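Close look at the chain arrangement
The residues making up each chain are set out below.
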Amino acid sequence: MRLSSYVNQINQNFAENMNAESASSMEQGLKNGMDAILGKVPGQSIAGEVLMRDGIDILIAIGDNQLLQAKLEGSMSAQPGQILTFQIKNNSNSKVILSPLFENLSQDPNVSKALQAAGIPETNITAGMVKAMMQEGLPIDKQSLYQMNRIINANPQVDLQTLVQMQRMNLPITKENIFQFEAYKNYQHQLGESLSDIADAFTQSFQEMTGSGEISQGLQFYKEVLGALIDTMEETGAEGDEQIIANPAGQGEDAVASAAADKNILPEVRVEQPLLPENELNELVKALKQAEVPDKIVGAVAQNRMSGQALLHEIEKMLSEDALPDKEKFFDLLESREFKNVLKNEMNRQWLMLPEEVGKEHSVDKLYERLNSQMNRLSQVLEQSTKVDTPLAKAVANVTGNIDFMNQLNQTFTYVQIPLKMQGKDASGELFVYTNKKSLARKDGSVSALLHLDMEYLGSLDVYVALNDRKVSTKFYLQDDSALDLIAQNIDILNKRLEERGYSVNAEFVNRDENTNVMEEMLKQNKNISALAGYSFDARA
């Protein structure tokens with residue numbers, strides 16, 4: 001957009017010390033310019049020509065009788081006649097923030113020299129590439145520029161900054177990794193939510209198949225998915241209730257064993273928590289009876305003597321039989337709200353961790369071992385059944401991609417997500433340990449970590465922990481004053497436990513508005529940061 005016709009007019013107005021008419025024209029132009037900015041949304045770009053410069057003050061024409069007055073910051077240069085492009089960062093009535101885009105960087109002599117030395121044509125894209133590489137601390141030698149330029153040309157639809165940052169973090173630049181990287185940057189990466197999506201997607205995929213009249217095929221699909229979940233749980237050593245035989249009647253061990261061997265008696269199990277709330281349990285019993293499920297199973301469920309895992313196992317066995325009593329009625333059972341809740345609760349039991357389980361040795365490793373095994377098995381089932389474009393397939397692919405991406409992050413950083421099961425509500429946690437490739441501790445001997453939690457009542461909580469010898473320093477960041485007060489009032493419980501283990505503790509409490517993005521924390525770190533192999537978490541374990 002060339003606006004040279006305005007340059008002479010503005011220069012003349014200033015040279016004449018701006019008479020009343022020109023002052024009025026200038027005032028109207030500035031008002032028009034501000035209206036134009038306020039009419040856009042943050043993220044949009046705007047271009048204009050520099051009309052005048054006086055020190056750090058510049059006057060920009062952005063359209064017909066639309067002017068902006070601005071101040072230059074940092075080392076940014078601007079000369080009359082230069083076309084600048086900006087992105088709108090903020091355009092509230094009280095404050096307007098414009099950020100110069102890469103289109104302006106071709107006039108940076110350092111950028112031009114780097115491109116000329118590498119023999120790469122200077123364009124808006126290549127200029128932006130060099131600037132981004134410089135900002136991320138990447139070398140800008142000929143080979144590095146060639147390599148980065150090839151990556152950008154191979155991924156023309158991907159944000160340039162994303163590609164440069166992934167290159168700096170030594171992450172393989174694939175379609176799947178790009179998707180996960182941007183999800184992490186946009187805080188759309190919570191593994192717990194993706195796992196929850198699988199249960200809903202399973203139901204949706206089943207409905208799509210049976211809704212088109214393919215009931216037999218849908219039941220077979222249901223059987224295979226249940227088998228994948230149950231078999232991999234047993235293969236990975238997941239704890240289950242179905243192998244635990246209780247003795248509520250006070251009978252001897254021989255009598256219990258004899259009863260268990262009787263084909264007509266279902267082994268009783270010790271169920272720590274009710275399968276479902278009483279009203280839902282009654283409805284489930286009705287649905288089981290209508291589906292002509294054997295009385296021994298119905299009775300065990302009705303008396304709360306059967307775990308969710310055991311019930312799913314029995315249903316999977318019935319689906320494996322050559323002929324169900326009534327496929328239509330069995331379909332109604334599987335589609336009942338109560339049975340879906342049993343399925344979802346069992347998935348949560350396998351895939352989410354209770355807070356007290358997190359501290360157990362290898363508990364997180366076992367969780368990811370089970371997750372990885374089950375996702376691989378589900379993927380195989382979906383491929384074999386040619387159901388590769390279903391909601392379930394997409395949900396499984398998202399979880400698998402997240403785990404793979406997390407594992408790749410752990411080649412450089414010590415990081416893990418911990419999907420948590422809280423009382424009445426699921427939560428997500430992220431643990432990021434600040435390390436370097438030579439030592440787990442920093443030069444001063446300290447180790448630092450960030451624990452990010454998203455919980456129903458406390459909201460977003462960040463805990464920064466620094467350990468130096470036996471001294472522990474913690475900073476709690478919350479967005480709500482009442483939650484902050486709650487933590488402060490109960491911090492003595494945590495302090496006492498740490499002091500009993502020989503640590504001295506210092507805690508601070510801070511209220512802040514924004515959430516912590518763990519990916520941003522990683523990007524802040526020195527490019528040489530890495531984790532010791534002994535501390536690196538492998539999500540594919």
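Brief notes about the overall build of the protein
Looking only at helices and strands, one finds 20 helices and eleven strands in the protein. Evaluated residue by residue, the protein yields a buried proportion of 45% over its 541 residues. A separation threshold of at least 6 residues defines the contact pool for the protein, and within that pool the share at least 24 residues apart is 62%. Counting every atom, the protein has about 28500 Å² of accessible surface; 47% of that belongs to carbon and sulfur.

Topic: the pattern of salt bridges
Counted according to the given criterion, the structure contains ten salt bridges. The shortest N-O distance in the salt bridge between D200 and K344 comes to 3.4 Å. Here D200, found in helix 8 (residues 191–211), pairs with K344, found in helix 15 (residues 337–351); they are 144 residues apart in sequence, far enough to count as distant. The partly exposed category is assigned to D200, whose relative accessible area is 42%. The class for K344 is partly exposed, based on a relative accessible area of 26%. A salt bridge links R337 to E280; the shortest N-O distance between them is 3.8 Å. Here E280 lies in helix 11 (residues 278–290) and R337 lies in helix 15, a separation of 57 residues in the sequence. Its relative accessible area of 14% is what places E280 among the buried residues. Salt bridges here are not isolated pairs; linked through shared partners, they connect E280, R337 and E338.

Observations concerning the confidence of the model for the protein
Overall, the predicted model of the protein reaches an average pLDDT of 77, with 76% of residues at or above 70. When mean pLDDT is taken per element in the protein, helix 5 (residues 142–154) scores highest with 94 and helix 10 (residues 253–261) scores lowest with 40. Confidence drops under a pLDDT of 50 for residues 239–270, and excluding neighbours within four residues, the segment shows 43 contacts in the predicted structure. Contacts for the low-pLDDT stretch residues 437–441, under 50 throughout, to residues beyond four places or in other chains number 14 contacts.

Focus: helix 6 (residues 160–168)
Counting buried positions over the nine residues of helix 6 gives eight, a clear majority of the element. Along helix 6, the residues classified as buried are L160, Q161, T162, L163, V164, Q165, M166 and R168. Taken together, the buried residues of helix 6 touch helix 4 (124–135), helix 5, helix 7 (175–185) and helix 20 (518–524). Here helix 6 starts with a cap whose side-chain oxygen sits 3.2 Å from the backbone nitrogen of Q161, and that cap is D159. N170 sits one or two positions beyond helix 6 and adopts a positive phi of about 60 degrees.

A closer look at the packing of helix 6 against helix 7
Here helix 6 crosses helix 7 at 100 degrees, and the two axes come no closer than 11 Å. By the angle between their directions, the pair helix 6 and helix 7 is classed as roughly perpendicular. Residues T162, L163, Q165 and M166 of helix 6 form the contact with helix 7, whose participating residues are N177, I178, F181, E182 and K185. The residue inventory of the contact of helix 6 with helix 7, partitioned by class, reads four nonpolar, three polar and two charged.

Concerning unusual backbone geometry
Even without being glycine, N65 reaches a positive phi, approximately 55 degrees. Residue placement: N65 occurs in the loop between strand 2 (57–63) and strand 3 (66–71). By relative accessible area, which is 27% here, N65 ends up partly exposed. Even without glycine at this site, H362 takes up a positive phi of about 65 degrees. Tracing the backbone through its elements, the reader meets H362 in the loop between helix 16 (355–358) and helix 17 (363–384).

Quick look at the environment of I88
Its place among the elements puts I88 in strand 4 (residues 83–91). Measuring from C-alpha to C-alpha, the distance between I88 and V41 comes to 7.2 Å, with 47 residues separating the pair along the chain.

So, the packing of aromatic side chains
Throughout the structure, instances matching the rule amount to ten aromatic pairs. Where Y184 meets Y415, the ring centres are 6.1 Å apart and the plane angle is 65 degrees; that geometry is what we call edge-to-face. A residue pair is termed long-range when its members are at least 10 positions apart, and Y184 in helix 7 and Y415 in strand 6 (residues 414–422) qualify at 231 residues. The class of Y184 is buried, set by a relative accessible area of 1%. Using a relative accessible area of 1% as the deciding quantity, one classes Y415 as buried. Residues Y222 and F339 carry aromatic rings whose centres are separated by 6.5 Å and whose planes lie at 45 degrees to one another, so their mutual orientation is tilted. Taken as a pair, Y222 in helix 9 (residues 215–235) and F339 in helix 15 lie far apart in primary sequence, 117 residues in all. Of the aromatic side chains, those joined through ring pairs into one cluster are F202, F206, F221, Y222, F331 and F339.

Digging into the nonpolar core
Among the nonpolar cores identified, the biggest contains 114 residues, and L284, V301, L311, F330 and L333 are the most heavily contacted of them. Residues in contact with L311, not counting those within four places in the same chain, are L275, L284, I297, V301, M306, F339 and V342. Residues A36, L68, F86 and I88 belong to the second largest nonpolar core, which totals eleven residues.

Notes on the side chain of Q165
Considering the arrangement of structural elements, one finds Q165 in helix 6. Its relative accessible area of 8% is what places Q165 among the buried residues.

Some points on the environment of V505
As for its placement among the helices and strands, V505 is situated in strand 11 (residues 504–511). Taking C-alpha positions, V505 is 9.2 Å from L494, a pair spaced eleven residues apart along the chain.

Regarding the pairing of strand 8 (residues 446–455)
Counted residue by residue, strand 8 has eight buried out of ten residues, so it is predominantly covered. The pairing of strand 8 with strand 9 (residues 459–468) spans ten bridges and is antiparallel. Paired with H452 across the bridge in strand 9 is D462. Hairpin connection from strand 8 to strand 9: three residues lie between these consecutive antiparallel strands.

Conventions used here
- Residues numbered from 1 in each chain as written.
- Predicted model: local features only at pLDDT ≥ 70, side-chain atom pairs only at ≥ 80, totals over all residues.
- Heavy atoms only, no water.
- Helix = DSSP H or I, 4+ residues; strand = E, 2+ residues; numbered from the N terminus.
- Buried < 20%, exposed > 50% of the residue type's maximum accessible area, 1.4 Å probe, protein only.
- Contact = heavy atoms within 4.5 Å.
- Areas by Shrake-Rupley, 256 points an atom, 1.4 Å probe, with all protein chains shown as cover.
- Salt bridge = Lys/Arg side-chain N within 4 Å of Asp/Glu carboxyl O.
- pLDDT = per-residue confidence, 0-100.
- Polar contact = N/O pair within 3.5 Å; in protein donor to acceptor, adjacent residues only side chain to side chain.
- Axes fitted to C-alpha atoms, helices over the stretch in contact; angles between N-to-C directions.
- Parallel < 35°, antiparallel > 145°, perpendicular 65-115°, else oblique.
- Nonpolar A, V, L, I, M, F, W, Y, C, P; charged D, E, K, R; others polar.
- Phe/Tyr/Trp six-rings, centres within 6.5 Å; stacked < 30°, edge-to-face > 60°.
- Core = buried A, V, L, I, M, F, W, Y, C linked by side-chain atoms within 4.5 Å.
- Pairing = 2+ DSSP bridges.

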